[in-house]
Amino acid sequence: MSPQIFAHRGASGIYAEHTRAAYLQALADGADGVECDVHLTRDEQLVCIHDPTLERTSNGSGNVADYTLAQLRELDFSSWKGARVPAELGGPRNQLLTLADLLRLLRSAGRSIALAIELKHPSPFGLHLEAELVAFLLDEGWDPESSTLGNLTISFMSFNPDSMHQLGEIAPAHALCQLVADVEPEEVREALSFGSITSGAVINLMRRAIDEGEALIDAHTVGIAGPGVAYVRAHQDIVRRWVSEGVRVRVWTVNTQEDAELVAGLGVQEVTTDYPAEMRSFFAISSGG
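Nothing here was measured: the structure is a model prediction, and the numbers come from that model.

*Asks:* Help me understand empty space enclosed by the protein, please; the structure alone is not making it clear to me.
*Replies:* To locate leftover empty space, one rolls a probe as large as a water molecule over the atoms. For the structure shown, the criterion picks out 1 cavity of 30 Å³ or more. Class assignment for the residues of the lining of the largest cavity results in 4 nonpolar, 5 polar and 1 charged.

So, in structure tokens, the structure goes:
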């Protein structure tokens, strides 16, 4: 059976990530589900943005948490990609999505959609992010027992084991996805631009979090393992064991035929990709469909 295909921040290989256009394209491409990242604004609104800062994906600067939602809506979140956004996908000015916006978009899809929500940490709001997300979803009509909301099946993802523990107080294990990845010191230093002592402390904390996360998967406290594709390449035996033990494995970010063949050979049940149409076509052909 072909893996379930999640569009990574929408069809982000084509349009700017997390934008209305990217998610509408993902639905048009036949993605089984979509993935999004959430942060809280200064006025505690849930917005679909990956980074804690604005420079990479908008014409703004500074921290997402320092802006109100109204201020963020004044920024351009699509032009940096260099792709023209047609009017039927919202045009260039209507691209920032709150989580509420994304839910409305997905609810109108006319078919069942899986929604994977990643909670981004570290957050200046700490685990209040989780509390706000749960409160919002309950207000929208989310059923915690089944983790469904109308035509949507919702799962929660985080690298932070504390996030999984908190969400596990209300959400079922089958809706919890512990993210794991090998920690590369140079990548951490580049990303954080810290000195060696500070970054060393961060690396140690991250490694402990990954160890704790792997333990949650092994204990079946969470029902979904979320390894990066580099982790899968390096630890194929672990991934194979998870699959054999009944753990769902959701691999990110699978964008090449080589990686698609790897995860399919390991029996991985879910993949996250920037190119849902291409991955859907590849798996259909490889399975003889």
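*Asks:* Which parts of the structure should I look at to understand the packing of aromatic side chains?
*Replies:* Here a ring pair, both rings aromatic, is described through the centre-centre distance and the interplanar angle of the planes. Enumeration over the complete set of coordinates arrives at 4 aromatic pairs. When the centroid spacing of 5.9 Å and the interplanar angle of 85° are considered together, the rings of F159 and W252 count as edge-to-face. Here W252 lies in the loop between β9 (248-251) and α10 (257-265) and F159 lies in the loop between β6 (152-158) and α5 (161-167), a separation of 93 residues in the sequence. Taking the relative accessible area as the measure of exposure, F159 reaches 32% and is therefore partly exposed. Ring centres 6.1 Å apart and planes at 0° place the aromatic pair Y231 and W242 in the stacked group.

*Asks:* Would you explain the environment of Q236 in this entry?
*Replies:* Looking at where Q236 falls in the secondary structure, it is placed in helix α9 (residues 236-244). The class for Q236 is partly exposed, based on a relative accessible area of 29%. Expressed as a C-alpha distance, the spacing of Q236 and R107, which sit 129 residues apart in the sequence, is 36 Å. Those residues in contact with Q236 that lie beyond four places of it in its chain are L262 and L266. Among the polar contacts made by the side chain of Q236, one reaches the main-chain carbonyl oxygen of R233 at a distance of 3.4 Å.

*Asks:* Explain the pairing of β9 here, please?
*Replies:* Side chains on a regular strand alternate between the two faces of the sheet. Where strand β8 (residues 224-227) lies against β9, 2 bridges are found, and the strand directions are parallel. Its bridge partner being in β9, I224 is matched across the sheet by R248. Relative to strand β10 (residues 270-273), β9 runs parallel, the two sharing 2 bridges. Pairing of V251 across the sheet is with V271, part of β10. On the question of chirality, the crossover connecting β9 to the parallel β10 by way of α10 is right-handed.

*Asks:* Before we go on, may I ask you to explain the pattern of salt bridges in this structure?
*Replies:* Opposite charge on two side chains permits them to pair, given that their charged atoms come into close proximity. What the rule picks out here adds up to 14 salt bridges. Linking E118 and K120 is a salt bridge whose minimum nitrogen-to-oxygen distance equals 3.0 Å. Taking relative accessible area as the criterion, E118 reaches 8% and is therefore assigned buried. Linking E270 and R248 is a salt bridge whose minimum nitrogen-to-oxygen distance equals 2.8 Å. A residue pair is termed long-range when its members are at least 10 positions apart, and E270 in strand β10 and R248 in strand β9 qualify at 22 residues. Take E270: its relative accessible area is 3%, and that puts it in the buried class. Among the charged side chains, a network of salt bridges with common partners joins R9, E17, D37, D51, R56, E118 and K120.

Procedures and definitions
Residues numbered from 1 in each chain as written. Predicted model: local features only at pLDDT ≥ 70, side-chain atom pairs only at ≥ 80, totals over all residues. Heavy atoms only, no water. 1 Å grid on protein atoms, 1.4 Å probe; cavity = no way out; pocket = protein on both sides within 12 Å on 5 of 7 lines; lining within 4 Å. Points joined across faces, edges and corners; volume = space filled by probe spheres on them. Nonpolar A, V, L, I, M, F, W, Y, C, P; charged D, E, K, R; others polar. Phe/Tyr/Trp six-rings, centres within 6.5 Å; stacked < 30°, edge-to-face > 60°. Helix = DSSP H or I, 4+ residues; strand = E, 2+ residues; numbered from the N terminus. Buried < 20%, exposed > 50% of the residue type's maximum accessible area, 1.4 Å probe, protein only. Contact = heavy atoms within 4.5 Å. Polar contact = N/O pair within 3.5 Å; in protein donor to acceptor, adjacent residues only side chain to side chain. Pairing = 2+ DSSP bridges. Right-handed = clockwise from strand over helix to strand, strands pointing away. Salt bridge = Lys/Arg side-chain N within 4 Å of Asp/Glu carboxyl O.

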